[in-house]
Amino acid sequence: MMTVSSLNTKIKSLLEATFMHIMVEGEVASVTYHSSGHLYFSIKDDQSSIKCVMWRSSVSKMKFELVKGEHIVIEGSVGVYTPRGEYQFIATHIEPYGKGALAVAFEQLKAKLDKKGYFKAENKKPLPKFPKKIAIVTAANSAALQDMLKVARKRWEAIEITVIDVLVQGAMAAGEISTGIRYADTLGVDIIITGRGGGSSEDLWAFNEEAVADAIFEATTPVVSAVGHEVDTMISDFVADLRAPTPSAAMEMILPDRDELLYMIDDRIDQFGKKVQHIISIKQQQYNRLYSELLRSSIPQKLKDLQNEFENIKKNMDSALRYKLDRFGAQIEPAIKRFDESIDFIIANKSKELKMLQDRMLSLDPGKQIRQSWAQVTLDGKKIALESIEVGSEFEIMNEKVKLRAKALSKDEM
């Protein structure tokens, strides 16, 4: 007779010896990422299911995240937990069914970061046109770095470059690259370049890690991603402020071309000179016009203009008079004589009319009539009114021509 423990032990030995290294495919039925780092899940087909576990050491090597409903292929062995008599599949490697794990991991992380806004255009920082300092986060002994330095010396020798040596492939690469980017962000440089030369998908994978994406997105300094060749597209390319197809191209894109700049400066100087000459010409014309207007509006010029105008008028009048005299000179004397005769005739007639009017006016003048019948009465040399003279009194009557002596014979009241 066997005990429960001995039975479970024998079953464990039998199962683990029989199913030491196998591969199983199925659909993920449940997934639990434990805080310890272990992964607990189950897979199923249309008839049954099996519990699975992947220990933390193996989980850390996974490139993608396990999702419920995904069709996968797991590699590992069958294990038995003796205290409960339960068996489970202990996975050491997981691959998506029909496609590579790296491809799935790439799409998963890309969708996750896109949802977080890492790829939005409004989050992209502009690069300075004339950078003074650059930090390069890459392997110090790489050919890609030498290519970048060569291009930098050729295009813009004034640039100051700081190289931050990091691993660019392998399990530790993503951590070193992200740390290098964060350190470069504290140096006060104008641009950070991170990248490496070409290689396989596995070699370039560090630039598809979320840690690198976080460091690029969180940097306050503009970051350029320059990984592999033009056909290689990394997560870092989507997050970076600028994606360069190759490391050398990154330098060509961010640094001004010295020769082209010198040519541009010469061209601008030539354009500036022509512009200045054009402006001087226009201002000279404006000056000449204003000076002429000032002269025309000055008092001496106005006096001169008035004098010229007077001279012209006088000249025109003289010409007109000479023309009239030449044309009508013979008619002037008879005309003057006739004019004088007419004036004399008119004056004589008007004088006669005036004399007649004066005589008539005098004849009708009441004052004259009074003066013609006027006489002054005096008595003993004194003026006296007629009503004061008594009958028998002698008195005198006189006007401007005659003086009479009279005596009152009678007196009648009127």
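So, here is what we can say about the structure in this document. (Residues numbered from 1 in each chain as written. Predicted model: local features only at pLDDT ≥ 70, side-chain atom pairs only at ≥ 80, totals over all residues. Heavy atoms only, no water.)

With respect to the pattern of salt bridges
Applying the stated criterion to the full structure yields 10 salt bridges. In this structure, K112 and E210 form a salt bridge, with 3.1 Å as the shortest nitrogen-oxygen distance. Taken together, the residues span a long stretch of sequence, with K112 in helix 3 (residues 101-115) and E210 in helix 7 (residues 210-218) at a distance of 98 residues. Classification of K112 by relative accessible area gives partly exposed; the value is 39%. Residue classification places E210 among the partly exposed positions, given a relative accessible area of 23%. The partner of E396 in a salt bridge is K403, with the nearest N and O atoms 3.6 Å apart. A relative accessible area of 53% places K403 in the exposed class. A single salt-bridge network, built from bridges that share partners, covers K112, K116 and E210. (Salt bridge = Lys/Arg side-chain N within 4 Å of Asp/Glu carboxyl O. Helix = DSSP H or I, 4+ residues; strand = E, 2+ residues; numbered from the N terminus. Buried < 20%, exposed > 50% of the residue type's maximum accessible area, 1.4 Å probe, protein only.)

Overview of the environment of V168
Looking at the secondary structure, you find V168 in the loop between strand 7 (160-165) and helix 5 (173-184). On the basis of relative accessible area, V168 is assigned to the buried category, the value being 11%. Residues V168 and A406, 238 residues apart in the sequence, show an inter-C-alpha distance of 172 Å. Ignoring sequence-local partners within four residues, the contact set of V168 consists of T138, A139, A173, I177, G195, R196, D203, A206 and F207. (Contact = heavy atoms within 4.5 Å.)

A closer look at the packing of helix 5 against helix 7
Angle between the axes and distance between the axes are the two parameters that describe a pair of packed helices. At a minimum axis distance of 8 Å, the contact between helix 5 and helix 7 shows a crossing angle of 10 degrees. Looking at the two axes, helix 5 sits roughly parallel to helix 7. Together, A174, I177, S178, I181 and R182 of helix 5 and A211, V212, D214, A215, I216 and E218 of helix 7 make up the contact between the two elements. Looking at side-chain class alone, the contact of helix 5 with helix 7 contains seven nonpolar, one polar and three charged residues. (Axes fitted to C-alpha atoms, helices over the stretch in contact; angles between N-to-C directions. Parallel < 35°, antiparallel > 145°, perpendicular 65-115°, else oblique. Nonpolar A, V, L, I, M, F, W, Y, C, P; charged D, E, K, R; others polar.)

Regarding the sheet that holds strand 6 (residues 133-138)
Taken together, the five strands give an open sheet; going across it, the order is 7-6-8-9-10, and neighbouring strands pair in parallel fashion. Edge positions in the open sheet fall to strand 7 and strand 10 (242-244), since each of these has one partner strand only. Across this sheet, the average inter-strand angle for adjacent strands is 20 degrees, counted without regard to direction. Here three bridges tie strand 9 (residues 223-227) to strand 10, and the two strands are oriented parallel to one another. Paired with A226 across the bridge in strand 10 is A244. The sheet contacts of helix 4 (residues 143-155) involve strand 6, strand 7 and strand 8 (191-196), and relative to strand 6 the element is tilted by about 165 degrees. (Pairing = 2+ DSSP bridges.)

Concerning the sheet that holds strand 3 (residues 49-54)
The mixed closed barrel is built from five strands, whose spatial order is 1-2-3-5-4. Between one strand and the next, the sheet's axes are offset by a mean angle of 55 degrees, whatever the strand orientation. Of the strand pairs in this sheet, strand 1 (residues 22-33) and strand 2 (residues 39-44) are connected by six bridges, and their pairing is antiparallel. In the strand pairing of strand 2, Y33 is matched with L39.

Some words on the side chain of S58
In this fold, S58 is placed in helix 2 (residues 56-59). With residues up to four places along the chain from it excluded, the contact list for S58 reads A91 and T92.

Some details on a nonpolar patch on the surface
Where nonpolar side chains cluster on the molecular surface, the patch consists of F339, I343, F345, I346 and I347 and spans about 500 Å² of accessible area. Tracing the backbone shows I347 in helix 12 (residues 332-363). We classify I347 as partly exposed; its relative accessible area is 47%. (Patch = residues over 30% accessible without salt bridge, like charges linked within 9 Å, V, L, I, M, F, W, Y side chains within 5 Å. Areas by Shrake-Rupley, 256 points an atom, 1.4 Å probe, with all protein chains shown as cover.)

A closer look at the packing of aromatic side chains
For the structure shown, the criterion picks out five aromatic pairs. The interplanar angle of 20 degrees and the centroid separation of 6.0 Å between the aromatic rings of Y287 and Y291 together place this pair among those described as stacked. Residue Y287 and its partner Y291 are located together in helix 10 (residues 258-297), separated by four residues, close to a single helical turn. We classify Y287 as partly exposed; its relative accessible area is 49%. Residue Y291 is classed as partly exposed on the basis of its relative accessible area of 41%. (Phe/Tyr/Trp six-rings, centres within 6.5 Å; stacked < 30°, edge-to-face > 60°.)

With respect to the packing of helix 4 against helix 9 (residues 247-254)
Contact geometry of helix 4 with helix 9 gives a least axis separation of 8 Å together with a crossing angle of 25 degrees. Of the possible angle classes, the one that applies to helix 4 and helix 9 is roughly parallel. Helix 9 is crossed by helix 4, and the crossing has right-handed handedness. Of the residues in helix 9, those touching helix 4 at A144, D147, M148, V151, A152 and R155 are P247, S248, M251 and E252. Here the residues of the contact of helix 4 with helix 9 sort into six nonpolar, one polar and three charged. (Left-handed = near helix turned anticlockwise from the far one by under 90°.)

So yeah, pure geometry; function would need other evidence.
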